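# Commentary on secondary and tertiary structure
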Amino acid sequence: ALWCLMMSVTPTRGCLLDLPWEDILVPHILCHLPLPQLLSLQRVSKAFQSLIQLYLANMRCFDSSQIGPAIPRAAFVNLLKDNEVLQQLALQNCSDWLTDRELLPVIGQNHHLHQIQLKGCAQLSRHALVAISLSCPNLRQLSLAHCEWVDSLSLRSLADHCKALEAVDLTACRQLKDEAICYLVQKCSRLKSLSLAVNANVGDVAVEETAKCCPELEHLDLTGCLRVKNDSIRVLAEYCPKLRSLKVKHCHNVAESSLSVLRSRGVELDVEPPLQRALVLLQDVVGFAPFINLQI
């Protein structure tokens, strides 16, 4: 595709640039090319450079993983400096250099963002989350997994200003406690997906409040939440009729007595029922699966 575009500048084939840029080239042709190839096109001519700059300014979705193993800091700043219409922003492979200094200008000029992925961006600060909450009122999905800089104050700001949130990933945000999670779910009652995994500070209080405030909840990840117990799982089963999946692996205080109701409703669980677990254990020990005839 890149070769075809470059060949189109020859006189015998006519000029691709003669087509309307904003009506044809940007929305119907350039959008089908990988971002690295588009950036290479800038070297063809000054006209192509202007065309690609127009495309970058009108991108609705930016995913840093499309560029390669790692995107340079200067490239990121240059790519998005003129864009004010982003709707989706995914920043992966940026943890080594991405700070508030690079991110905040992008957030500040893009008020239509509804999906932001910041998983593992460890060098940001709470100011990044405050900026997101103030600039992105239409935010629907937010991933802050492994962002230990997220604290209760910045999460409160998010809850106060982004009440249309439907999916939030707070995996390993270890500063957060029950009180912060309760405030979030009270303000963001449309949540359908929530991850509180790998957080030893989260317990029954947060889970029960989530169940009571978010009737639309479909997916909940409590992996490794050691303080979660049977009582909150029973409340979850009572208040969340739309629940489709629940992860409670390594929640040692959650037993089958509370999971059985959800299991009977067809909720996908990441722990096996007791009999199946026993068979797997037995197979590991003796090296084969025994034949068992169960008669009821």
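The present account deals with the structure reproduced in this document.

Parameters and conventions
- Residues numbered from 1 in each chain as written.
- Predicted model: local features only at pLDDT ≥ 70, side-chain atom pairs only at ≥ 80, totals over all residues.
- Heavy atoms only, no water.
- 1 Å grid on protein atoms, 1.4 Å probe; cavity = no way out; pocket = protein on both sides within 12 Å on 5 of 7 lines; lining within 4 Å.
- Points joined across faces, edges and corners; volume = space filled by probe spheres on them.
- Helix = DSSP H or I, 4+ residues; strand = E, 2+ residues; numbered from the N terminus.
- Nonpolar A, V, L, I, M, F, W, Y, C, P; charged D, E, K, R; others polar.
- Phe/Tyr/Trp six-rings, centres within 6.5 Å; stacked < 30°, edge-to-face > 60°.
- Lys NZ or Arg CZ within 6 Å of the ring centre and 35° of its normal.
- Contact = heavy atoms within 4.5 Å.
- Disulfide = S-S within 2.5 Å.
- Buried < 20%, exposed > 50% of the residue type's maximum accessible area, 1.4 Å probe, protein only.
- Core = buried A, V, L, I, M, F, W, Y, C linked by side-chain atoms within 4.5 Å.
- Domains from an automatic or database assignment.
- Pairing = 2+ DSSP bridges.

Another aspect to go through is the layout of surface pockets. Empty space within the largest pocket amounts to approximately 250 Å³. Taken together, 18 residues make up the lining of the largest pocket; nearest its centre are Ala-167, Val-168, Asp-169, Ser-193 and Ser-195. At the level of secondary structure, the elements contributing two or more residues to the lining of the largest pocket comprise β3 (115–117), β4 (141–143), β5 (167–169), β6 (193–195), β7 (219–221) and β8 (245–247). By residue class, the composition of the lining of the largest pocket is 7 nonpolar, 8 polar and 3 charged.

Now for the packing of aromatic side chains. A full pass over the atoms with the stated rule returns 2 aromatic pairs. Measuring from ring centre to ring centre gives 5.5 Å for Phe-76 and Trp-97, while their planes differ by 55°; the resulting arrangement is tilted. Linking Phe-76 in helix α5 (residues 73–80) with Trp-97 in the loop between β2 (88–90) and α6 (100–108), this pair joins segments that are 21 residues apart in sequence. Ring pairs connect the aromatic residues Phe-62, Phe-76 and Trp-97, which therefore count as one cluster. Looking at Arg-156, its charged tip hangs above the ring of Tyr-183, at a distance of 3.8 Å from the centre.

Another point: the environment of Gly-224. Assignment of secondary structure puts Gly-224 in the loop between β7 and α11 (230–239). With 28 residues separating them in the primary sequence, Gly-224 and Leu-196 have C-alpha atoms 8.9 Å apart. If we ignore the near neighbours within four places in the chain, the residues touching Gly-224 are Asn-199, Lys-249, His-250 and Cys-251.

Next up on the list: the state of the cysteines. According to the stated counting rule, one finds 0 disulfides in the structure shown. Here Cys-136 stays unpaired: no disulfide links it, and the sulfur of Cys-162, its closest cysteine neighbor, is 6.6 Å away. When its relative accessible area of 0% is taken as the criterion, Cys-136 is described as buried. Lacking any disulfide linkage, Cys-251 is separated from the closest cysteine sulfur, that of Cys-225, by 5.5 Å. Exposure remark for Cys-251: the relative accessible area of 5% places this residue in the buried category.

Membership of the largest hydrophobic core comes to 88 residues, with the highest contact counts inside it found for Phe-62, Leu-89, Leu-91, Leu-144, Leu-170, Leu-222 and Leu-246. Counting residues domain by domain, this core receives three or more from each of domain 1 (20–58) and domain 2 (60–273). Those residues in contact with Leu-222, other than ones at most four positions away along the chain, are Leu-196, Ala-197, Val-207, Val-228, Ile-233, Leu-246, Lys-247, Val-248 and Cys-251.

Read across the sheet, 9 strands follow the order β1-β2-β3-β4-β5-β6-β7-β8-β9 without closing on themselves; strand pairing throughout is parallel. One side of each edge strand has no neighbouring strand; the edge strands of this open sheet are β1 (61–63) and β9 (268–269). Examined bridge by bridge, β7 and β8 share 3 bridges and lie parallel to one another. From the neighbouring strand, His-219 faces β8, where its bridge partner is Ser-245.

In this section: the environment of Leu-35. If you trace the backbone, Leu-35 turns up in helix α3 (residues 35–41). In this structure the C-alpha to C-alpha distance between Leu-35 and Ile-52, which are 17 residues apart in sequence, comes to 10.0 Å. Beyond its immediate chain neighbours, meaning those up to four positions away, Leu-35 contacts Leu-56, Met-59, Phe-62, Gln-66 and Ile-67.

It is worth stressing that arrangement in space is one thing and function is another; only the former is reported here.
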